[in-house]
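Now for the letters of each chain:
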Number of protein chains: 4
Amino acid sequence: MKARRKLILLSMTFLLTILMNGATAYAQNAYDITHEESLKAMAAAKKHAEQSGVLVNIAVVDAGANLKAFVRMDGSFLGSIDVAIKKAKTSRYFDIDSGELGALTQPGGIIYNIEHSNGGLMTFPGGVPIKDKEGNIIGAIGVSGGTIEQDREIATAGAKAIID
Amino acid sequence: MKARRKLILLSMTFLLTILMNGATAYAQNAYDITHEESLKAMAAAKKHAEQSGVLVNIAVVDAGANLKAFVRMDGSFLGSIDVAIKKAKTSRYFDIDSGELGALTQPGGIIYNIEHSNGGLMTFPGGVPIKDKEGNIIGAIGVSGGTIEQDREIATAGAKAIID
Amino acid sequence: MKARRKLILLSMTFLLTILMNGATAYAQNAYDITHEESLKAMAAAKKHAEQSGVLVNIAVVDAGANLKAFVRMDGSFLGSIDVAIKKAKTSRYFDIDSGELGALTQPGGIIYNIEHSNGGLMTFPGGVPIKDKEGNIIGAIGVSGGTIEQDREIATAGAKAIID
Amino acid sequence: MKARRKLILLSMTFLLTILMNGATAYAQNAYDITHEESLKAMAAAKKHAEQSGVLVNIAVVDAGANLKAFVRMDGSFLGSIDVAIKKAKTSRYFDIDSGELGALTQPGGIIYNIEHSNGGLMTFPGGVPIKDKEGNIIGAIGVSGGTIEQDREIATAGAKAIID
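In what follows, the accompanying structure is described. (Residues numbered from 1 in each chain as written. Chains lettered and ligands numbered in written order. Predicted model: local features only at pLDDT ≥ 70, side-chain atom pairs only at ≥ 80, totals over all residues. Heavy atoms only, no water.)

**A closer look at the overall build of chain A**
Move 1: For chain A, the count of helices and strands is 5 helices and 4 strands.
Move 2: In chain A, the succession of α and β elements from N to C terminus is α-α-β-β-α-α-β-β-α.
Move 3: The buried share of chain A, reckoned over its 164 residues, is 49%.
Move 4: Relative to all contacts within chain A whose residues are 6 or more apart in sequence, the contacts with residues 24 or more apart total 65%.
Move 5: Carbon and sulfur atoms make up 58% of the accessible area of chain A, which amounts to about 7,700 Å² in all. (Helix = DSSP H or I, 4+ residues; strand = E, 2+ residues; numbered from the N terminus. Buried < 20%, exposed > 50% of the residue type's maximum accessible area, 1.4 Å probe, protein only. Contact = heavy atoms within 4.5 Å. Areas by Shrake-Rupley, 256 points an atom, 1.4 Å probe, with all protein chains shown as cover.)

**Quick notes on the packing of helix 2 (residues 35–52) of chain B against helix 5 (residues 148–160) of chain B**
All names here are of chain B.
Move 1: The N-to-C vectors of helix 2 and helix 5 enclose an angle of 140 degrees; their axes lie 7 Å apart at closest approach. Relative to helix 5, the element helix 2 is oriented oblique. When the axes of helix 2 and helix 5 are compared, the crossing they make is right-handed. Residues Ala41, Ala44, Ala45, His48 and Ala49 of helix 2 form the contact with helix 5, whose participating residues are Glu153, Ile154, Ala157 and Gly158.
Move 2: Residue classes in the contact of helix 2 with helix 5 are distributed as 6 nonpolar, 2 polar and 1 charged. (Axes fitted to C-alpha atoms, helices over the stretch in contact; angles between N-to-C directions. Parallel < 35°, antiparallel > 145°, perpendicular 65-115°, else oblique. Left-handed = near helix turned anticlockwise from the far one by under 90°. Nonpolar A, V, L, I, M, F, W, Y, C, P; charged D, E, K, R; others polar.)

**Quick look at unusual backbone geometry**
Move 1: For B:Asn118, which is not a glycine, the phi torsion comes out positive at approximately 55 degrees.
Move 2: Tracing the sequence through the fold places B:Asn118 in the loop between helix 4 (98–104) and strand 3 (127–131).

**Examining the side chain of A:Gln106**
Move 1: Here A:Gln106 lies in the loop between helix 4 (98–104) and strand 3 (127–131).
Move 2: In terms of polar contacts, A:Gln106 uses its side chain to reach the backbone carbonyl oxygen of A:Gly102, at 3.1 Å.
Move 3: Residue contacts for A:Gln106: discarding those within four places in its chain leaves A:Tyr112, B:Pro107, B:Gly108 and B:Tyr112. (Polar contact = N/O pair within 3.5 Å; in protein donor to acceptor, adjacent residues only side chain to side chain.)

**Overview of helix 3 (residues 80–93) of chain A**
Residue and element names in this part refer to chain A.
Move 1: The end-to-end C-alpha distance of helix 3, which contains 14 residues, comes to 19 Å, matching closely the 20 Å that a straight helix rising 1.5 Å per residue would cover.
Move 2: Counting buried residues along helix 3, 12 of its 14 residues qualify, which places the element largely inside the surrounding structure.
Move 3: Buried within helix 3 we find Ser80, Ile81, Asp82, Val83, Ala84, Ile85, Lys86, Lys87, Ala88, Thr90, Ser91 and Arg92.
Move 4: Immediately downstream of helix 3, the backbone of Asp95 shows phi near 45 degrees, a positive value. (Expected span 1.5 Å × (residues − 1).)

**Some remarks on the pairing of strand 3 (residues 127–131) of chain D**
Move 1: Within strand 3 of chain D, 4 of the 5 residues are buried, which leaves the element mostly enclosed by the surrounding structure.
Move 2: Count of turn residues in the strand 3 of chain D/strand 4 (residues 137–144) of chain D antiparallel hairpin: 5 residues, of which D:Gly135 carries a positive phi of about 90 degrees. (Pairing = 2+ DSSP bridges.)

**Details of the sheet that holds strand 3 of chain A**
Move 1: Here 8 strands make up an open sheet; going across it, the order is 3(A)-4(A)-1(A)-2(A)-2(C)-1(C)-4(C)-3(C) and the pairing antiparallel. Two strands in the sheet have a free side with no partner beyond their single neighbour: strand 3 of chain A together with strand 3 (127–131) of chain C. Between one strand and the next, the sheet's axes are offset by a mean angle of 20 degrees, whatever the strand orientation.
Move 2: Here strand 1 (residues 57–62) of chain C pairs with strand 2 (residues 67–72) of chain C via 5 bridges, running antiparallel. Residue C:Val60 lies in a different strand from strand 2 of chain C, and its bridge partner there is C:Ala69.
Move 3: Sheet strands touched by helix 5 (residues 148–160) of chain A: strand 3 and strand 4 (137–144) of chain A. Its angle to strand 4 of chain A, the strand with the most contacts, is close to 145 degrees.

**Examining the pattern of salt bridges**
Move 1: Counting across every chain of the model gives 28 salt bridges over all chains.
Move 2: Close ionic contact of A:Lys86 with A:Asp82 constitutes a salt bridge, the shortest N to O distance being 3.0 Å. Taken together, the positions of A:Lys86 and A:Asp82, both in helix 3 and 4 residues apart, correspond to about one turn of that helix.
Move 3: Overall, A:Lys86 belongs to the buried group, its relative accessible area being 14%.
Move 4: We note a salt bridge from D:Asp95 to D:Arg92, for which the minimum N-O separation is 2.7 Å.
Move 5: Taking the relative accessible area as the measure of exposure, D:Asp95 reaches 40% and is therefore partly exposed.
Move 6: Residue classification places D:Arg92 among the buried residues on the basis of a relative accessible area of 9%. (Salt bridge = Lys/Arg side-chain N within 4 Å of Asp/Glu carboxyl O.)

**Observations concerning the sheet that holds strand 1 (residues 57–62) of chain B**
Working definition: the strands of a sheet are paired by backbone hydrogen bonds and lie parallel or antiparallel to each other.
Move 1: Overall, antiparallel pairing links the 8 strands, which are arranged 3(B)-4(B)-1(B)-2(B)-2(D)-1(D)-4(D)-3(D) in an open sheet. A single partner strand is all that each edge strand has here, and the edge strands are strand 3 of chain B together with strand 3 of chain D. Adjacent strand axes in the sheet meet at a mean angle of 20 degrees, parallel and antiparallel pairs treated alike.

**Points about the environment of B:Arg152**
All names here are of chain B.
Move 1: Along the polypeptide, Arg152 turns up in helix 5.
Move 2: Between the C-alpha atoms of Arg152 and Gly126, which are 26 residues apart in sequence, the distance is 4.0 Å.
Move 3: Discounting residues that sit within four places of it in the chain, Arg152 has contacts with Asp97, Gly99, Glu100, Pro125 and Gly126.

**Section: the packing of aromatic side chains**
Move 1: In the structure shown here, the tally under the stated rule is 3 aromatic pairs over all chains.
Move 2: Their ring planes at 65 degrees and their centres at 5.7 Å tell us that A:Phe77 and B:Phe94 sit as a pair that is edge-to-face. Taken together, the residues span two chains, with A:Phe77 in the loop between strand 2 (67–72) and helix 3 and B:Phe94 in the loop between helix 3 (80–93) and helix 4. (Phe/Tyr/Trp six-rings, centres within 6.5 Å; stacked < 30°, edge-to-face > 60°.)

**Thoughts on the environment of D:Gly99**
Move 1: Mapped onto the fold, D:Gly99 is located in helix 4 (residues 98–104).
Move 2: Measuring from C-alpha to C-alpha, the distance between D:Gly99 and D:Val128 comes to 8.7 Å, with 29 residues separating the pair along the chain.

**Considering the environment of B:Glu50**
Move 1: Its location among the elements puts B:Glu50 in helix 2.
Move 2: As for B:Glu50 and B:Met73, which are separated by 23 residues in sequence, their C-alpha atoms are 9.3 Å apart.

**Quick word on the pairing of strand 1 (residues 57–62) of chain D**
Residues and elements named next belong to chain D.
Move 1: Of all 6 residues in strand 1, 6 are buried; the element is thus mostly enclosed.
Move 2: Neither face of strand 1 is open: one carries Asn57, Ala59 and Val61, the other Ile58, Val60 and Asp62, and all of them are buried.
Move 3: In this antiparallel pair of consecutive strands, strand 1 and strand 2 (residues 67–72), the connection spans 4 residues, and Ala65 shows a positive phi of 65 degrees.
Move 4: Relative to strand 4, strand 1 is paired through 6 bridges, and the arrangement is antiparallel. If you follow Ile58 over to strand 4, its bridge partner there is Val143.

The following block contains the structure:
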């Protein structure tokens, strides 16, 4: 029984080794946005919105898809609080421009109804991943309040500020 | 390291200064409905419903999208309690006739799936913003129980009573 | 029956007239915080936290108890995102220092179990109302991450910045 | 087989007869509040609140514990919207003065933690059943915004208006 036990332990070690071999060399959130960067992205997005004369809500989430920074411009839609946060989360949940999910989630689309997961996904433009200079995704930014084109543009301006 | 910390703090101050610039001169809820006005709108909507022989639920929310007044007419649908409240909230969330959201949220629409935000949006007629005489949005009214045309007409009658 | 119906309508009009009498002259959200003020309060709270060496989440809500601004300092608790937001909301929901609710909601307290309302209340220090120079409540600030004494102190520093 | 079928039907009739014998002679909501009565109770409660100089939220639910009427007085707590509605529901859920639940739900109490049912119960004063002149419970009224004594007094004044 002692030999059998040893075998089981070896087998276990082997399994864990396999499991670990497949793993990347970093943890989920090894590359993560700082609050300084979040505020920088938020400030850049807000500046872009003001120059465009658009009133928006801006949310930044970190690598763990948790809220890092938020601001609601005076006069912007109350309903956009939740939409902006959900756009940012959606973008980080799947490391994608939220608008790109739109095509896939239409009736007949390959992931139709995925919007019912995660407490509700936003599948139209305005949520974009935030990357560092090496291209690692470190968070995401969500914007809501303007047209979908404006929201995407403003979010992109925010994300870009981290690299510049 | 002390110097670096100081630099970061300065940088942060700078960022927040940028964020604060460009603020509009008015706040979100500067113009708000009173309970007297809410009851007036509700009474007008109810009167219109009675004259049309329609049984409805009527909800009024304030500038902050919080419930201000509500009444359910005898014999109206139980399910319309939540629909009426959500119609009013939807209308204030996006300062829009709830029915106008319908076209935009169809499959293929530009904001398809936005209905999954804010705990559920109603995207068909029956929710309209309430404005004061100067045109400021001070709340919204939601009606449910009749056809969508009736609901919208009754809600509109309620909102109009504030201006007359 | 037509006469009876008319009587009911008259009676209803009378009731609603009674309901409308006695209304105060001001609305709930007449005094509201701007996003500039929200960021100012957030910046002051953050500065105070940094000087105290405490890592916190800071949330500001407006007069309608809706999120206006938020920041999570690096290394602060993930669980404090929701706590900070709920502290700010609790404070505005009842125009009170959230810590003062604690004594009232203990077992045997006069409003024991009120914490089960409004999607969950936080009844310990860290949420304080924000007032303007005239003393009108225009929003609230919630802080979470330090000890309850630290959280309250940081939140108070944030609220105070609006008046100074 | 025809005989067997007849037997089954007879047996079924017998079972249903037994089931029905135990039933009271009326359905759950046979005695139900009208919207006219709801507004009357609300108006009486509001008048009492105004005479006492207390700002409250008032909610009336019907025999099915569903919202029938609601008003929020200007300047009353935003958090009291949900508390008033939950007090009314709690009162009808168990046909009891909500304050009486308080003693039973303390730690060690016989129904400790029942407040976690039904989306949250309020177990302090301010919710009272509404009865018709024959003593049948036809709904309930919930009041929130004042002290618990004031809330109970105002709710009682509202309920009483239906009998007077």
